[in-house]
Each structure stands twice: as C-alpha cells, then as structure tokens.
Amino acid sequence: MKSVKTSQPVDDGPSAQPAGEPAGEGSDASGPTAGAAKRTKARAAGTARPPTPAGAVRAESHTALVRRARRINRALAEVYPYAHPELDFENSYQLLLATVLSAQTTDLRVNQTTPRLFAAYPTPEDLAAANPEEVEELIRPTGFFRAKTKSIIGIATALRDEFGGEVPGTLEELVKLPGVGRKTAFVVLGNAFGVPGITVDTHFGRLVRRWKWTDETDPDKVEAAVGALFPKREWTMLSHHVIFHGRRICHSRKPACGACPIAPLCPAYGEGEMDPEKAKKLLKYEKGGMPGQRLKPPAGYLEAGGIPASPLGSA
Ligand code: SF4
C-alpha cells in the first residue's frame with residue numbers, strides 16, 4: 001500500500017480557515033501532521049504504540065475537529081490520488097443514467113450493463129421513445145429493473161420535453177427529474193459539470209460517523225455537517241476519497257484497521273481487525289487501491305498504475 005506523506009502543506013484558502021485555526025497549519029514538519037506520518041511509519045515497523053482504541057475519544061473542539069477532518073482528507077488524497085467516480089460515462093446524460101442504475105448494485109455491474117444501453121439509446125430522445133420491455137431486458141442485470149426502467153425513461157422524457165434534450169446543470173432542476181435525489185444530483189454536478197458537491201452514500205455516511213465528523217444519519221444533515229468542515233471546492237474530491245476508502249479498507253463489517261493509513265487520526269481504530277497481517281487479508285476489493293470498478297477508467301488512474309476491472313464473464 002502507498003504510504004501516507006502528510007508533511008505536505010495544504011492551502012485551505014483564506015475563506016476555508018476555521019475559526020481559531022493558526023495560519024500555516026500542516027506546514028510544520030514537527031507538528032501533529034508529521035507526527036501522524038511518523039506513527040504510521042513506526043506502526044508499520046511494529047515499534048509504535050497503537051492508536052487510541054474505539055470508544056476512548058476525548059471531547060474535541062470544533063477547531064480540532066476541522067483540523068483532524070482536513071488531515072484525514074489530505075492523507076486519503078495521498079493514498080488515492082486517482083480517486084474518481086467509478087461509473088463509466090462519456091457525458092452528463094450517461095452519468096445520470098448510470099447513477100440511477102447504480103442503486104442497490106455495484107458500479108462494476110452497472111459498467112458491464114450500460115454500454116449496450118447507451119448504444120441502443122444514445123440520446124434522451126431515443127430513450128424517451130423506447131419500448132419499456134426492451135429497456136428492462138437491457139438493464140435487468142442491475143436489479144430492480146422494472147422500477148429503474150420507469151425512472152430512466154421518465155428522466156429521458158423530462159429531458160426531452162423540459163430541457164431541450166440536455167441534462168440541466170443545477171441542483172434545483174436536477175432534483176425535479178423523476179427518481180433523482182440530491183445524491184444523484186451531486187454526482188452529476190460534481191463529475192459532469194464541475195460543481196462541488198458532497199455525495200452521501202452508504203460508505204460516506206458510515207465513515208464520517210466512524211471518524212466522529214458528525215453523528216447525523218439523515219443524508220441531508222450529514223451533507224450539511226461535513227460540508228461545514230471543508231472548503232466548498234474540495235467537496236467533490238473529498239467524496240471520492242471517502243468512498244474509495246470505504247470500499248477498499250474501512251469496510252462495513254470488518255474494517256481493516258491494521259492496514260489503514262489513517263489509523264492515527266481515527267477515533268474508531270480498533271472497531272476492525274488490528275493485526276496488520278490479518279488486516280491485509282481483508283483487502284479483497286483490491287490490493288492497495290487497484291483495480292477499480294471502471295471498465296474504461298480515467299487516464300489519471302491508469303497513469304497511477306491502475307488497471308481496468310475484469311470484463312464481463314471473466315473471473
Ligand atoms: S479502517 Fe479502522 S482505523 Fe481505518 S478509518 Fe476505518 S475504522 Fe478507522
């Protein structure tokens with residue numbers, strides 16, 4: 001696994017400075033960020049005192065929470081420099097459909113399914129005029145295919161009739177489309193329009209609660225609470241970092257704490273397997289971050305050594 005380099009100064013920008021946070025935070029090589037890196041290194045060498053186990057967290061001020069949250073995000077950015085949406089898409093229309101289809105299934109399954117769908121219905125006009133039974137057959141592998149067919153044909157119809165065949169680029173307009181909630185809207189805004197957004201999926205909610213960034217369980221409240229800890233411009237990549245970590249290391253049932261690069265910053269360290277060797281064996285999704293779920297991954301991912309997911313039907 002890629003080691004975490006946490007001594008890199010990060011400019012959070014003047015507007016991002018939390019109240020009471022000293023200027024230049026993170027730039028002092030002897031400061032707490034460098035200390036976290038040392039602890040990570042020492043733990044790998046088996047000479048470190050383990051991080052505080054879960055349940056032994058002292059009260060943390062808001063300022064300290066902001067600083068810790070940003071350190072976690074910077075550390076994850078080092079571990080997953082290629083973090084990206086794991087749905088294959090070439091335009092906003094494809095991303096919108098793929099995101100709707102991704103409910104209750106894996107991104108890989110969606111990526112294995114959408115090429116035929118996009119080839120058959122390349123525009124909203126084509127899909128709006130589709131025979132629902134034919135669409136159902138195409139998207140059947142993603143599960144809940146009848147409801148999803150209704151949703152995507154409804155979306156295509158709305159795009160054709162109300163938006164001139166284009167995907168709208170605002171939250172207000174996107175959430176008016178049938179079956180599109182804030183989560184789907186933020187995925188599209190963040191990754192097809194460059195508008196910062198926080199995507200609260202199951203991984204994101206689980207991890208931010210483990211990290212004590214918030215206790216909220218309602219996705220809208222989680223989004224607001226976490227958004228307040230970070231500059232807006234970081235929201236989209238923050239979402240990717242957290243979701244990547246949730247899929248790869250901080251699993252729902254058995255987090256691989258002993259193989260986790262942010263253990264020194266995590267109040268939930270100890271909820272999962274702490275033995276480094278046993279923890280490594282839990283990293284079944286991929287080793288060290290690769291491969292992802294995209295059959296056509298972005299260039300940055302490939303340049304970082306990533307490989308595409310296996311084609312449909314292969315092992
Ligand atoms: S894997 Fe363990 S140490 Fe790492 S973030 Fe999850 S709970 Fe914390």
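Residues numbered from 1 in each chain as written. Predicted model: local features only at pLDDT ≥ 70, side-chain atom pairs only at ≥ 80, totals over all residues.

**Student:** So what's going on with the overall build of the protein? Which residues, and what values?
**Tutor:** Along the protein, the regular secondary structure elements total 14 helices and 0 strands. Listed N to C, the secondary structure of the protein is α-α-α-α-α-α-α-α-α-α-α-α-α-α in terms of helices and strands. Expressed as a percentage of the 315 residues in the protein, the buried residues total 41%. The contacts in the protein between residues at least 6 apart in sequence include a share of 62% that link residues at least 24 apart. (Helix = DSSP H or I, 4+ residues; strand = E, 2+ residues; numbered from the N terminus. Buried ≥ 20, exposed ≤ 12 C-beta atoms within 10 Å, placed from the backbone. Contact = placed C-beta atoms within 7 Å.)

**Student:** Please set out the nonpolar core residue by residue, giving values where relevant.
**Tutor:** With 69 residues, the main nonpolar core has V188 and C260 as its most contacted residues. Residue contributions to this core peak at 7 residues, all from helix α3 (residues 92–101). If near-sequence neighbours (up to four positions away) are discounted, C260 is found in contact with I249, C250 and C266. (Core = buried A, V, L, I, M, F, W, Y, C linked by C-beta atoms within 7 Å.)

**Student:** Tell me about the UniProt feature "binding site: [4Fe-4S] cluster" (unreviewed entry) in the protein, residues and numbers included.
**Tutor:** In the numbering adopted here, UniProt assigns the feature "binding site: [4Fe-4S] cluster" (unreviewed entry) to C250, C257, C260 and C266. In sequence the annotated residues extend across 17 residues, while in space they remain close, none of their C-alpha pairs exceeding 10.8 Å. Position of C257 among the secondary structure elements: in the loop between α12 (235–248) and α13 (276–281). Residue class for C257 comes out buried when judged on the 26 C-beta atoms lying within 10 Å of it. If near-sequence neighbours (up to four positions away) are discounted, C257 is found in contact with A263, Y269, G270, E271, G272, E273, M274 and A279. (UniProt positions renumbered as here; feature names shortened; annotations may be inferred.)

**Student:** Account for the packing of helix α10 (residues 202–210) against α12, with residues named and values stated.
**Tutor:** In contact at an axis separation of 8 Å, α10 and α12 are set at 90° when each is read in the N-to-C sense. Classified by the interaxial angle, the pair formed by α10 and α12 is roughly perpendicular. For the pair α10 and α12, contact is made by H203, F204, R206, L207 and V208 and by S239, V242, I243, H245, G246 and R247, respectively. Of the residues that constitute the contact of α10 with α12, the class distribution is 5 nonpolar, 4 polar and 2 charged. (Axes fitted to C-alpha atoms, helices over the stretch in contact; angles between N-to-C directions. Parallel < 35°, antiparallel > 145°, perpendicular 65-115°, else oblique. Nonpolar A, V, L, I, M, F, W, Y, C, P; charged D, E, K, R; others polar.)

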